[in-house]
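Notes for the structure review
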Amino acid sequence: MASVLVRNLPDEVHRALRVRAAQHNHSTEAEIRDILAAVALPPERVKLGSLLASISREIGLTDEECAVFDTVRDKTASEPLKFE
């Protein structure tokens, strides 16, 4: 798992996080993880695969027609970007 260090966190923010953690019976660290997960991965977010599947259903494609895309797509690895 990754680690993150947050510098220059205002004292009042840290205090509020500690209070919030105590209200939820969490450690401050666990509370911060929960907050970050809720913000970064909201349950209402639309995932690309789900969006594409719903679009194909809306236009009336069958599962067999969608399977054709997998047979014709280019499966070669792409070259990584170079920022030189």
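Up top you'll find the structure we're talking about.
These remarks concern the structure in this document. (Residues numbered from 1 in each chain as written. Predicted model: local features only at pLDDT ≥ 70, side-chain atom pairs only at ≥ 80, totals over all residues. Heavy atoms only, no water.)

Remarks on the environment of A21
Among the secondary structure elements, A21 is positioned in helix α1 (residues 11-23). When its relative accessible area of 1% is taken as the criterion, A21 is described as buried. Between the alpha carbons of A21 and P10 there is a distance of 17 Å; along the sequence they are 11 residues apart. Beyond its immediate sequence surroundings of up to four residues, A21 is in contact with H26, S27, T28 and E31. (Helix = DSSP H or I, 4+ residues; strand = E, 2+ residues; numbered from the N terminus. Buried < 20%, exposed > 50% of the residue type's maximum accessible area, 1.4 Å probe, protein only. Contact = heavy atoms within 4.5 Å.)

So, the environment of P10
As for its placement among the helices and strands, P10 is situated in the segment before α1. Relative accessible area serves as the criterion here: at 36%, P10 is assigned to the partly exposed category. Linking P10 and R73, residues 63 residues apart in sequence, is a C-alpha distance of 51 Å.

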